[in-house]
Structure formats: structure tokens, C-alpha cells
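The lines below spell out each chain.
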Amino acid sequence: MVDSETEGSPTARWIIHLDMDAFYAAVEQHDHPELVGRPVIVGGRPDARGVVSTCSYEARAFGVRSAMPLREAARRCPHGVFLPVRMERYAEVSRQIFAILDRFSPLVEPLSLDEAFLDVTGCEGLFGPAPCIARRIVATIRQELGLSASVGVAPNKLVAKIASDLRKPGGFVVVRPGEVDDFLRDLSVRCLWGVGPRTEEYLARLGVKTIGGLRAIPREILVASLGEAGAALYDLCRGRADRPVAGSEPAKSLGQEMTFPQDVTDPSYLAAILLLLADRVARRAREAGVYGRTVVLKVRDLEFSTITRRRTLPRPTDAEEEIYATARSLAEAIPWWGTRPVRLLGVSLVNLVDASVGKQGTLFGPVTGELRRDRLHRAVDQIRRKYGEEAIVRARVMKMEE
Ligand code: TTP
Ligand code: MG
């Protein structure tokens, strides 16, 4: 079934893109089963000033959408159930989702709280072909968390992401290497990375609406009119997108970062992301048997200027609480934090030391409470690996709004 030419080639990859369906609203329906099947709108009271964060598919049938003013949503769907945003809870569920993904591949790149790429090349021996892995992931999320996800399975990130979005909710779309051209041909150019309303309009003036149509435009013309973005489009419309899944970096540092598809300003959302990243870094440190002396925070703003802030801790750590608290306090010390939009966030642990010697440097020996917390973390990691994420669910690791 798999294209024989590409299957054997060392560069052939299998990428899964997973995106939860109506994420915040689905979590609310899960936590309040009486809301299943009803139009749930998350964002605040119907007469409040804010906008809709998301809504259940039942509410989408009435024309309600993310980012729509709540009052407009109330007009379109007067009998909707309007709920406040419980970011802390969504962050907790998000970490459970990522812990499930980690069971299926060592290369998981988070894109937001509810979205990730997995490179499952080479995981076939353990779990079967990529589409089977994707099925198992979806089934596990359904069984353990009671939530629905859509996935795309394809030879690269671009195609996997487009595929996961195509049949939402509950979508399951596999694009094999030899099918990429046909798959993309009739889709709108808007599906491609970097094509916003302006590029779409420009292409429309050339008579181009579909990805297949774009292939007819010579590279020089695209480059002359759109610069580097044009060169990128030339490759993308041919399904060429070989950016790797950004997973773990080996050796000297352990880091995890996330690039947002939309610009994010909301400090409580950003805090939720920091918590997710800190949790993943801490878990990887424990798996690798290392502690880190220094926490590094990386923030990129809209103009793509990147700043890094670092703080060296009194003692090396592998605890998510400490990594999160440090990263968050570094973030909050940035003057424009919470007021200017952010494009990318990263948390890493550097100055790594072997866990067996990691804590001996302290003058008074290890602190008893800390030792106990260490043992707790390790025990929790072990139980989760063995019995699954749901075996232990902490009510709240830390208060996010404090
Ligand atoms: P999305 O994955 O874009 O949306 P969704 O999961 O609610 O619905 P679906 O994927 O099935 O289309 O975003 C994930 C979460 O991010 C979403 O549940 C709420 C939050 N979010 C906002 O707060 N504001 C927004 O404008 C968007 C698009 C999402
Ligand atoms: Mg989603």
C-alpha cells in the first residue's frame, strides 16, 4: 500500500498532526456531562465585552466561531451555554494529552495546548504502521481522557496539518507519499503556510485559487513578486516541506519550545504554555537522569526579535514546579509581558549535571522536603509510564493565577 520508492528511502518520514476537537468546549462537556450535545460557548458571559475562545460543534451550527464577540455569539445562539475560560484546567488536560503522545514517539513537537506534530518514523516496529499508530493515539485519548481528536498522517508536516483539518471533528486522513500531489491539487492556496489574505488576493489576480493552479506559476515570478515567501510557496505547493519535527535536543541542554500559529498576548494562556513546556522539560530531565543548574526562557515577539532570559538556581533541579516558577518569573520581569503579542515561547534547562552527583554540591546536604518531592516525581513518572497518564492525576500542580 505504501509507495515503494519512498518507503525504502532513508529520508522518507511519517508525520502525524493531531488537533483536539473544540478543545476547551470539549473539556467542559467532559467535566459536565449534562452539556454533551448542547451548544457550549467558552469565553465568558453572553453580555460580556470579550470574545469567544471556542465553542462546541453544536454551537458552530449556529454560526458561532472563535474570536467572535460574545454578544454576537449570544445573538446567533441565544440558548447557548456560556462558560468562563478555565485555563488552568485546560493546561492540565493538555499535559495529559502530551504525556499520551510521548508514549508513541520520542519526537513530539507541541504547537499549542491542543495541537502537536509527531514524527513516528521508525516507531513502526513497536506500534505498527503510522496510520495504526495514529488510530491508537486517538483511541487512547478517547479512552483515557474522554476527548475527541482529529489527525492527519502524511510524509511531512505541511500535508499532515492540512489533512488533520480536513474532516474535523473526528477526522482521520492518511496521505501516502505517492498521493501528496493529488491531495493538494484542488485545495485552496489558503491552506499553505504563509498565505494570508493579501497573498491570496495577489494570487487571485493571477487567476490562481488552488494549490494545483499555483504550480503553473514559474518560480521567478513568485520570487520577483513575493520574495523569499514566493520561493517557499514554489516548494510548498509541490508538497515539499521537509522541516523536521522539533523534539528533544541531546546533550548539553534540554529544551522545548512552541511557535504559535496566532499571536498570543493573554498572560494566563502564556502561563499555561510555560507550565506545559516546564513539565515536558522536567520529565525529560528525569528520564535522562540529569539536573539543570540554569533555567532559560526564550520569547520571540511579532517583529521576530528574540530575547532570552536566564536564571541560575541555588541548586540544580529536575522539578517542574521550580522550572515553571523560574520561567514564569523571568517572563513577568519582561516589561511588555502580557501587553505585546508573543510568537514563540521556549523553556530549557542548561548547565546539566548527572543526577547522581547533581545535588551533592549543597553545603548542608539535600533538603528533606526536596528529597521527598524528588521521589514523588520519579514514582509518578514510573506509574504513568506503566499504567498510563490517568493512573495519577494531580488535582492541580500549582495555581496558575496566583
Ligand atoms: P483550535 O484548535 O483552533 O480550536 P478548537 O480545538 O476549539 O476547535 P477545532 O480544532 O475542532 O476547530 O484552538 C484550540 C484552543 O485554543 C481552543 O479550544 C480555544 C483556544 N483558542 C482561543 O482561545 N482563541 C482563538 O481564537 C482560537 C482559534 C483558539
Ligand atoms: Mg483544536
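In what follows, the structure referred to is the one given above.
Here the structure is a predicted model, which means the values were calculated and not measured.

Chemist: What exactly am I supposed to notice about the site of ligand 1 here?
Modeler: Near ligand 1 there are 14 residues, and of these Ala22, Thr54, Tyr57, Arg60 and Asp114 occur at the shortest range. Within the backbone of Tyr24, an N or O atom sits 3.0 Å from an oxygen atom of ligand 1. Contact distances for ligand 1 include 2.9 Å between an oxygen atom and a side-chain N or O atom of Asp114. Out of a free accessible area of 550 Å², ligand 1 has 76% covered by protein chains.

Chemist: Sorry if this is basic, but what is going on with the pairing of strand β5 (residues 107-112) here?
Modeler: Taken residue by residue, a regular strand's side chains alternate between the two faces of the sheet. The element β5 is extensively covered by neighbouring structure, given that five of its six residues are classed as buried. Inspection of the sheet shows β5 paired to strand β6 (residues 115-119) by five bridges, in the antiparallel sense. By the bridge assignment for β6, Val108 is matched with Leu118. In this structure, the hairpin formed by β5 and β6 is closed by a connection of two residues.

Chemist: Whenever I open this one, the sheet that holds β5 confuses me. Can you help?
Modeler: Two strands in a sheet stick together by hydrogen bonds in their backbones, pointing the same way (parallel) or opposite ways (antiparallel). The sheet built from five strands is open, its strands ordered β5-β6-β1-β7-β8 with mixed pairing. Each edge of the open sheet is held by one strand with a lone partner, namely β5 and β8 (172-174). Between one strand axis and the next, the sheet turns by 15° as a mean value, whatever way the strands run. Both strand β7 (residues 149-154) and β8 contribute to a ladder of three bridges, which runs parallel. For Val153, the partnering residue across the bridge sits in β8 and is Val174.

Chemist: How should the coordination of the magnesium ion (ligand 2) be read in this particular structure?
Modeler: In ideal tetrahedral geometry, four donors around a metal make angles of 109.5 degrees, whereas ideal octahedral geometry with six donors gives angles of 90 or 180 degrees. Note on the magnesium ion (ligand 2): its protein donors are Asp19 (OD), Met20 (O) and Asp114 (OD). The metal-donor distances range over 2.0 to 2.3 Å. The coordination sphere of the magnesium ion (ligand 2) comprises six donor atoms, whose angles at the metal cover 81 to 176°; the geometry is octahedral. Read N to C, the donor residues that coordinate the magnesium ion (ligand 2) are spaced as D-M-x93-D.

Chemist: What's the story with the environment of Leu345 in this structure? I'm lost.
Modeler: Looking at where Leu345 falls in the secondary structure, it is placed in strand β12 (residues 342-354). When the C-alpha positions of Leu345 and Arg300 are compared, they lie 6.6 Å apart, and in sequence the two are 45 residues distant. Setting aside residues up to four positions removed in sequence, Leu345 forms contacts with Gln256, Glu257, Met258, Phe260, Leu270, Ile273, Leu274, Leu277, Leu297, Lys298, Val299 and Trp337.

Chemist: Is there a simple way to think about the nonpolar core in this case?
Modeler: Nonpolar side chains in soluble globular proteins tend to be buried together. Ranked by internal contacts, the top residues of the largest apolar core, which has 76 residues, are Phe23 and Leu345. No other element matches the 13 residues that helix α14 (residues 267-288) contributes to this core. Membership of the second largest hydrophobic core comes to 31 residues, among which are Ile162, Val195, Tyr202 and Ile211.

Chemist: What exactly am I supposed to notice about unusual backbone geometry here?
Modeler: Negative phi is the rule for most residues except glycine; trans is the rule for most peptide bonds. Here the bond from Lys168 into Pro169 is cis, since omega is -10°, no more than 30 degrees from zero. By secondary structure assignment, the location of Pro169 is in the loop between α8 (157-166) and β8. Despite not being glycine, Ala22 shows a phi value in the positive range, around 40°. With respect to the helices and strands, Ala22 occurs in the loop between β1 (15-20) and α2 (23-31). Phi at Ala67 is positive, roughly 75°, even though this residue is not glycine.

Chemist: Help me understand the packing of aromatic side chains, please; the structure alone is not making it clear to me.
Modeler: Where two aromatic rings form a pair, the distance of their centres and the angle of their planes describe that pair. The full count for this structure, using the stated rule, is five aromatic pairs. Aromatic pair Tyr24 and Tyr90: ring centres 4.2 Å apart, planes at 10°, arrangement stacked. One end of the pair, Tyr24, is in helix α2; the other, Tyr90, is in helix α5 (residues 87-104), and 66 residues separate them in sequence. An aromatic cluster is built from Phe23, Tyr24 and Tyr90, whose rings are joined through pairwise contacts. Here Arg60 stacks its cationic end above the ring of Tyr57, 4.1 Å away from the centre of that ring. Sitting over the face of the ring of Trp193, Arg243 holds its NZ or CZ atom 4.6 Å from the ring centroid.

Rules of the game
- Residues numbered from 1 in each chain as written.
- Chains lettered and ligands numbered in written order.
- Predicted model: local features only at pLDDT ≥ 70, side-chain atom pairs only at ≥ 80, totals over all residues.
- Heavy atoms only, no water.
- Near = heavy atom within 4 Å.
- Polar contact = N/O pair within 3.5 Å; in protein donor to acceptor, adjacent residues only side chain to side chain.
- Areas by Shrake-Rupley, 256 points an atom, 1.4 Å probe, with all protein chains shown as cover.
- Buried < 20%, exposed > 50% of the residue type's maximum accessible area, 1.4 Å probe, protein only.
- Helix = DSSP H or I, 4+ residues; strand = E, 2+ residues; numbered from the N terminus.
- Pairing = 2+ DSSP bridges.
- Axes fitted to C-alpha atoms, helices over the stretch in contact; angles between N-to-C directions.
- Donors = N, O, S within 2.8 Å, 3.2 Å for Na, K, Ca; no water.
- Tetrahedral: all angles 85-135°; square planar, octahedral: opposite > 155°, others 65-115°.
- Contact = heavy atoms within 4.5 Å.
- Core = buried A, V, L, I, M, F, W, Y, C linked by side-chain atoms within 4.5 Å.
- Phe/Tyr/Trp six-rings, centres within 6.5 Å; stacked < 30°, edge-to-face > 60°.
- Lys NZ or Arg CZ within 6 Å of the ring centre and 35° of its normal.

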